[in-house]
Structures are given as C-alpha cells and as structure tokens.
Amino acid sequence: MRVLGVDPGLTRCGVGVVEGVAGRPLTMVGVGVVRTPADAELGLRLVAIEQGIEAWLDEHRPEFVAVERVFSQHNVRTVMGTAQASAVAMLCAARRGIPVALHTPSEVKAAVTGSGRADKAQVGAMVTRLLRLDAPPKPADAADALALAICHIWRGLATNRLQQAVAQNRLQQAIAQHAAGTLKTPQAPNTRQAPKGRTA
C-alpha cells in the first residue's frame, strides 16, 4: 500500500509518501513541503498548492491519500486557510479516482505515538524511528504528513477487516432470508403484448 499524507496549510502544506503494510516495516518514499508566499492572492496560492500536489501524485502514484481533518480552533483565519488547502488536496485525489481518508490530529498522534495528546516533537521522533530515518523530517509539517500516511496504513487494515466483516454478515443474512423464503427477488418486466381485439 502506498499512501500520500497531506498536512494542509496555505503557507506550508506538508506532503509525505509512505509504502508498506500494517505489521511490517514501513518505507518512506518521499517527503517535502508545498510552499506559497503569504503576501500572494488567495486564489493564486490555492493554484500553487494544487500544482504542487498534482506533481507529487504524478511522481509517486499513491493508492490512497490521507488528509488531516480540519478541526475547530480559536484562530478562524487559520482554520479557513487549512480547510481551503485540505479541499484542494481532496479535489486533486478525487479527480484521479484516488480514495481519500480524513484523520483527526488526535487519531494520528494516537496511532503513531500511542497518545492522542503527543506534541510535534514526539510525533517527529516516532516518525523517525518507525521509518528508520537519520533525523526527523523538517519542517514539522513534513513529519506530520508522514505521520498521516503511517496512520492510514495502520488503520486501513482494521477498516478493511471491518468492512469485510460487515459484507460477510450481510451475505449470511441474505442467504438466511432466501432460505426462509422472505427475500424478494426482482421480477423481470412483462414484455409480452396483450392480444389485439378484433374489429368488425
């Protein structure tokens, strides 16, 4: 499984690609930051983020995109910028038919460090350890993007198992209903025409 993690932001949008499966060592494929100038017009900044993410999608061909879920903060302006960058990332993935998953910061922290209240330094340290890197990725946005990808790989296995269990349960219920004669099967439409009446 190859996942592109996106830590959305207008000035710095962290991006990181991780490959592997849950239960086995993971590998960092790439990490970086898409930057936009703070004094540029908003529309141009969003275009720059789109172009940056598209370049990462072209180069690394991820199977999934994991984006940090925007949550409420006291600084409304910061939240709006983060939400706009997040929407751009989801749009880029959806346009290519790549599944998108949203993970909250506490989910990511808990998955990577074991604590939903871990600080950025702890997240960076665990990302470094899990991916066997020489040093924590800089800036912190880049490390957070890798953490998102790791979180999705680990949580994705549990999600897939849950979906499989639900599907299996529905199949068993359908079989039981069919055996009991309570499952209605769709009837084919009647295409035969009624005989025309005789005319005098």
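Please read all numbers here as calculations on a predicted model, not as lab measurements.

A.B. asks: Explain the sheet that holds strand β1 (residues 2-7) to me, and be specific about the residues and the numbers.
C.D. replies: Strand pairing in a sheet relies on backbone hydrogen bonds, with the paired strands running either antiparallel or parallel. Taken together, five strands build an open sheet; the order of strands is β3-β2-β1-β4-β5 and the sheet is mixed. On the outer flanks of this sheet lie β3 (27-35) and β5 (100-103), each paired with one strand and no other. Looking at each pair of strands side by side, their axes are set apart by 20 degrees on average, direction ignored. Pairing of strand β2 (residues 12-19) with β3, which is carried by eight bridges, proceeds in the antiparallel orientation. What sits directly across from Val17, in β3, is Gly30.

A.B. asks: Please give an account of the packing of helix α3 (residues 105-113) against helix α4 (residues 120-130) that cites residues and values.
C.D. replies: To characterise two packed helices, one gives the angle between the axes of the helices and the distance between these axes. Relative to each other, α3 and α4 sit at 50 degrees, their axes nearing to 9 Å. Our classification of the angle between α3 and α4 gives oblique. Remark: the crossing between α3 and α4 carries left-handed chirality. Across from Lys109, Val112 and Thr113 in α3, the residues of α4 making contact are Gln122, Val123, Met126, Val127 and Leu130. When the residues that make up the contact of α3 with α4 are grouped by side-chain class, the tally is five nonpolar, two polar and one charged.

Reading the values: the criteria
- Residues numbered from 1 in each chain as written.
- Predicted model: local features only at pLDDT ≥ 70, side-chain atom pairs only at ≥ 80, totals over all residues.
- Heavy atoms only, no water.
- Pairing = 2+ DSSP bridges.
- Helix = DSSP H or I, 4+ residues; strand = E, 2+ residues; numbered from the N terminus.
- Axes fitted to C-alpha atoms, helices over the stretch in contact; angles between N-to-C directions.
- Parallel < 35°, antiparallel > 145°, perpendicular 65-115°, else oblique.
- Left-handed = near helix turned anticlockwise from the far one by under 90°.
- Contact = heavy atoms within 4.5 Å.
- Nonpolar A, V, L, I, M, F, W, Y, C, P; charged D, E, K, R; others polar.

Just geometry here; none of it tells us what the structure is for.
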